[in-house]
Structures are given as structure tokens and as C-alpha cells.
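Here is what each chain is made of, one letter per residue.
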Amino acid sequence: MKMRGNELTKLVTRLESGEPLPTELYRRTGNARILGITGPPGVGKSSLIDRLIDNLRRQHKTVGVIAIDPTSPISGGALLGDRLRMQRHSEDEGVFIRSLATRHHHGGVTDSTPQIIHALDAAGFDIVIVETVGTGQDEVEVAEVADTVVVVLMPELGDEIQRAKSGLMEIADILVINKADLFNARAPATGPQYSALKWERPTIHTSAKTGEGITTLCGAMDLHHAYLVHSGELAERRERAVRAEVTRLLQSRVSASILCALEGPQAQTILTDVAKRKLDPYDAVEKLTTEILGSNKRSSKHVTTSTRGQAAKRRKTGR
Amino acid sequence: MKRPLKVLIAKAGLDGHERGALVVAMGLRDAGMEVVYTGIRNTPEQIVAAAMQEDVDVIGLSSLSGGHMAQFKRVMELLKKQKVRGMLVFAGGIIPDDDVKKLKKLGIKEVFGPGSTIASIAEFITKSRR
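Note that the structure is a prediction, hence the values are computed from the model and not measured.

(A) Layout of the pairing of strand E2 (residues 63-69) of chain A. Residue and element names in this part refer to chain A. Burial analysis of E2 places seven of its seven residues in the buried class, which makes it a mostly covered element. Neither face of E2 is left uncovered, since the one carrying Val-63, Val-65, Ala-67 and Asp-69 and the one carrying Gly-64, Ile-66 and Ile-68 both have all their residues buried. Pairing of E2 with strand E4 (residues 95-101) involves seven bridges; the strand directions are parallel. Paired with Ile-68 across the two strands is Leu-100, which belongs to E4. Relative to strand E5 (residues 127-131), E2 is paired through five bridges, and the arrangement is parallel. By the bridge assignment, Ala-67 is partnered in E5 with Glu-131.

Structural data, given as C-alpha cells:
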């Protein structure tokens, strides 16, 4: 490892709180393979990752894991119970596991996930695994950050119409039917096939309980990585990931500046006019765009004080 | 963004009585904390490794099988060995009064026995970490 355990754990905490990764660390990233593991709650994602860690460690690969569980919309607290399933290598220095709460971010991962992936990458882990929250059909953000997406399902979750639906099923590079020891699930599993040009998505039966299918799954992940490299798709995906990350950061900065602009007296006049039915909401947006966000350069510069600056301020004021 | 308090709830040693620890974990979740729950049969080494990787503020140890003196003592020793400073450690379960005194001497801040309310545990944590 290029970073001591304690250094890494504190760094991850800062990133989780919205601070940016130091530039010199970002320069050291791009070497780790990023695996996304997603699927509905209770299908065995964490237990499967426990098996994957074991397999990868036997190949002398170091593994960093980001395990995400939901934040309560009611209390703001969270019960992070993924780590509990991943104890096979709990004292192994080649394995680093961090549990994260979504903190109200929707999409299956957290705001801080891309930055924490970079941190684990920079720390020298060969493989970074991102376990999403238990997802529904529409939480597909992990596809923005992972090189390989494994969607984990279990027997009896639906018929072929479910399989044909958009969203979750579409982002799978590898489809896993876990708990294959149940229901005697043996029917059509397909092995991975690829040429340098085309990846045929495999369906693999596994049992995290018995260990069945884990070697096949690891083989499929390696094969997918080889496909990504040979086809040139890895570079494309990484470029997409960068675009997605920068877009999100930009969006959050722009939305912060909008919220700030809406506080001003000019905006208040416009909003009042909308309330009096002198303007309609679209007119208001038009006016706000040109009059406030467009022309008032000084104020927009003021409100978009770099996130780095804000983060430094936060650091000083404590957690 | 101010991060919520992060707490590790774990059961050390050969003790399968999970209900109490799980109730506390859920109660602290409801009190707005982020709770990492690592379940039953953890070794002290596993508990300390988890606490460090997760960068928690608080560790809650549960024991109902009589192994608390050996197990909790080892946890405290390992924390010291790893130079973890400022960690709030509390305990709960079936623990005799005499042992409570000994545990407090080891640095365990409070011990919650049967009948303790979730509210009192949450309040203790919030006050101690403020």
C-alpha cells in the first residue's frame, strides 16, 4: 500500500464530508479496476463480495471495498450492515472496507463515491469494489463509476418481461443469479463469450453460501476486463466516468449559485411578480437567467467560491 | 456538511445473543447516528480493525455470556496499541456490578445493563461526544 491504513481512513472521512481529494493523489489514480456490484436488497451482494475478496486475495490482489446502505429519510441515521457479511478477511491488511450511508443521495451510491474510489485507487488497491444500496430498477449510477457492472439477482425474482425492462437490467455486464442453492436453480446459465469487438453478457449462477460459481464469476470479471482493454471500451468508459463526475460537481456548484441568487432582492421582485400573476414561471426563469445569473458576474463569482475553498473552511470549523 | 456520529456496535467472543445489540443499533439509527453493525462472534482484533477502517467515533460492545472481562480488556489494549485516541467506548449486556467498576477502570466510559432505555444510551453518547 502507498498509504498507511490510518492515513487512508481519515482521508476517506474527509472525502465523505465533501472535501476534495488532493490533486497530487488524483494524479496517482487510474490503475485500479473498478467493479460495481448492484441488485435488489437481500440477494446476497455483500456475502458474494466476501467470497470475491477471498478469491482475489488468493491471487494476491489487494481489495478496497465501498459498501453503501441507505440513510433513513426519517432520522437521518443509518444501519450499515454490509461489513457484517464480509468478515472472511477482516484482519487482512490487503483488504480495506468502508461502509457509507447514502446521506439522501439517490441513484444507489453516495455523492462522495467517485472521490473515495479515487482515494482507494491512489492508495494502491488493485481492485476497488463498489457495493450499491439494495437497488430498484432505476438506481443505476454505479454504471457511471465502474469499469465492470455485476447485477446480482436471485431465483424467482421475475419472468422474462422483468428481464426486458429498462434500467438495472441494462447496465449489467455480468448477470449473477445468487442463492443458486435455493429452488434448485440450474436453468439457462450462459458462460461469458467475447471477441475483441463484442461482449456477450453471461449469466452466472452462484451461491455465496456454498461458494459455488465464485471462480466462474471471477473468471468472467477478468474476461470482461480483457474485453474492455482490447476493444478500447475501457478508455471510453473511463472518459464517461470523468464526464459524469465533473458534470455532477458542476451541477452542484451551479445549483448552489442559483439558490444563492434567489436570495437577492432582484429575484424577490421577480418572484413577487409571478405570485401576482404579472409574470409566468417561464418568464421568471428567463429574466432570472439573464438578469441575475448572466449579468451579475461579481455576485456569481462570489457565490461560486471554489468547493476547495468551502471545504477548507469546513475543515477549520470541524466536522 | 456535519457528519452524523458514527458508531460501531459489535459482539465480542463466543456469544450469540444478538437481540439486545441489534435493538441498540436500530435505536441509535433512529437517534440519527450512522451505525456499523458487525454482529456476533467478533474477535477483539476484528472489532478494532473495523473501528479503524470505518473511522467511527464510538464503539459499543455487547456481551451476555460472561466473556466481557477478557474480551473487552483486549479491545481496550488493542486500541491503545494502535494509538487510537479519543474513542468513546461503552458496553452493555449482563455484566456484574463488580466487573462494571473494573471495566470503567479500563477506560470503558459506561456500562448499560438490562432495563436501560435507548434514549439514555443515545443521550449518553451525544453528551460524551459533544
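(B) Up close: unusual backbone geometry. With a phi angle near 65°, A:Arg277 is a residue other than glycine that sits in the positive phi range. Secondary-structure assignment places A:Arg277 in the loop between helix H9 (265-275) and helix H10 (281-294). Residue A:Arg277 is classed as exposed on the basis of its 7 C-beta neighbours within 10 Å. For B:Lys83, which is not glycine, the phi torsion reads 60° and is therefore positive. The topology assignment puts B:Lys83 in the loop between helix H3 (68-81) and strand E4 (88-93).

(C) The arrangement of the sheet that holds strand E3 (residues 58-63) of chain B in detail. Read across the sheet, six strands follow the order E3(A)-E2(B)-E1(B)-E3(B)-E4(B)-E5(B) without closing on themselves; strand pairing throughout is parallel. The open sheet has two free edges, formed respectively by strand E3 (78-80) of chain A together with strand E5 (110-112) of chain B, since each of these has just one partner strand. The mean angle between the axes of side-by-side strands here comes to 25°, regardless of whether they run parallel or antiparallel. As judged from the six bridges shared by strand E1 (residues 6-12) of chain B and strand E2 (residues 34-42) of chain B, these two strands associate in the parallel manner. Bridge pairing links B:Lys6 to B:Glu34 in E2(B). Helix-sheet contacts for helix H5 (residues 118-129) of chain B involve E1, E3, E4 and E5 of chain B, and the interaxial angle to E4(B) is about 165°.

(D) Looking closely at the packing of helix H2 (residues 44-54) of chain B against H3(B). Residue and element names in this part refer to chain B. Look at H2 against H3: their axes get within 9 Å of each other, and the N-to-C directions meet at 45°. As summarised for this structure, H2 and H3 are arranged oblique, according to the angle between their axes. Where H2 crosses over H3, the handedness of that crossing is right-handed. Contacts from Pro-44, Glu-45, Ile-47 and Val-48 in H2 reach Gln-71, Arg-74, Val-75, Leu-78 and Leu-79 in H3. Among the residues forming the contact of H2 with H3, the class breakdown is six nonpolar, one polar and two charged.

(E) Seen up close, the nonpolar core. Core analysis: the biggest nonpolar cluster contains 106 residues, and A:Ala119, A:Ile129, A:Val130, A:Val151, A:Val176, B:Val7 and B:Val35 have the highest contact counts within it. A total of six residues in this core trace back to one element, the largest contributor, which is H2(B). Contacts of B:Val35, omitting those with residues within four sequence positions, involve A:Gly77, A:Ala78, A:Leu79, A:Leu80, B:Val7, B:Ile9, B:Ala25, B:Leu28 and B:Arg29.

(F) Broad picture of the sheet that holds strand E7 (residues 174-177) of chain A. Residues and elements named next belong to chain A. Taken in spatial order, the seven strands make up an open sheet running E4-E2-E5-E1-E6-E7-E10, and their pairing is parallel. Where the open sheet ends on each side, the last strands, each with one partner, are E4 and strand E10 (203-205). Each neighbouring strand pair of the sheet contributes to a mean axis angle of 20°, computed without reference to strand direction. Judged from the five bridges that link them, strand E1 (residues 33-38) and E5 form a sheet pairing that is parallel. Counted as the bridge partner of Leu-35 is Ile-129 from E5.

(G) Quick peek at the packing of helix H7 (residues 214-231) of chain A against helix H8 (residues 233-261) of chain A. Residues and elements named next belong to chain A. H8 packs onto H7 with a crossing angle of 90° between their chain directions and a minimal axis gap of 5 Å. By the angle between their axes, H7 is roughly perpendicular relative to H8. Residues Leu-228, Val-229 and Ser-231 of H7 form the contact with H8, whose own contacting residues are Glu-233, Leu-234 and Arg-237.

(H) Molecular detail of the confidence of the model for chain A. Of all residues in chain A, 88% attain a pLDDT of 70 or more, and the chain-wide mean is 88. Throughout residues 296-307 of chain A the model reports pLDDT below 50, and contacts reaching past four residues in sequence, or to other chains, amount to twelve contacts.

(I) Inspection of H7(A) at higher detail. Residue and element names in this part refer to chain A. With 18 residues, H7 should cover 26 Å at 1.5 Å per step; its first-to-last C-alpha distance of 25 Å lies within 8% of that length. Every buried residue of H7 is listed here: Leu-217, Ala-220, Met-221, His-224, Tyr-227 and Leu-228. Buried residues of H7, seen end-on, are gathered within an arc of 120° and therefore sit on one face of the element. Downstream of H7 by one or two residues, Gly-232 has phi in the positive range, about 85°.

(J) Geometry of the interface of chain B and chain A. Taken together, the contact pairs 26 residues of chain B with 28 residues of chain A. Those elements giving two or more residues to the side of chain B that touches chain A turn out to be helix H1 (19-30), E2 and H2 of chain B. It is H2(B) that provides the largest number of residues to the side of chain B that touches chain A, a total of seven residues. Classifying every residue of the side of chain B that touches chain A gives 13 nonpolar, five polar and eight charged. Looking at chain direction, E3(A) and E2(B) are connected through three bridges and run parallel. Counted as the bridge partner of A:Ala78 is B:Glu34 from E2(B).

The rules we used
- Residues numbered from 1 in each chain as written.
- Chains lettered and ligands numbered in written order.
- Predicted model: local features only at pLDDT ≥ 70, side-chain atom pairs only at ≥ 80, totals over all residues.
- Buried ≥ 20, exposed ≤ 12 C-beta atoms within 10 Å, placed from the backbone.
- Helix = DSSP H or I, 4+ residues; strand = E, 2+ residues; numbered from the N terminus.
- Pairing = 2+ DSSP bridges.
- Axes fitted to C-alpha atoms, helices over the stretch in contact; angles between N-to-C directions.
- Contact = placed C-beta atoms within 7 Å.
- Parallel < 35°, antiparallel > 145°, perpendicular 65-115°, else oblique.
- Left-handed = near helix turned anticlockwise from the far one by under 90°.
- Nonpolar A, V, L, I, M, F, W, Y, C, P; charged D, E, K, R; others polar.
- Core = buried A, V, L, I, M, F, W, Y, C linked by C-beta atoms within 7 Å.
- pLDDT = per-residue confidence, 0-100.
- Expected span 1.5 Å × (residues − 1).
- Arc of directions from axis to C-beta.

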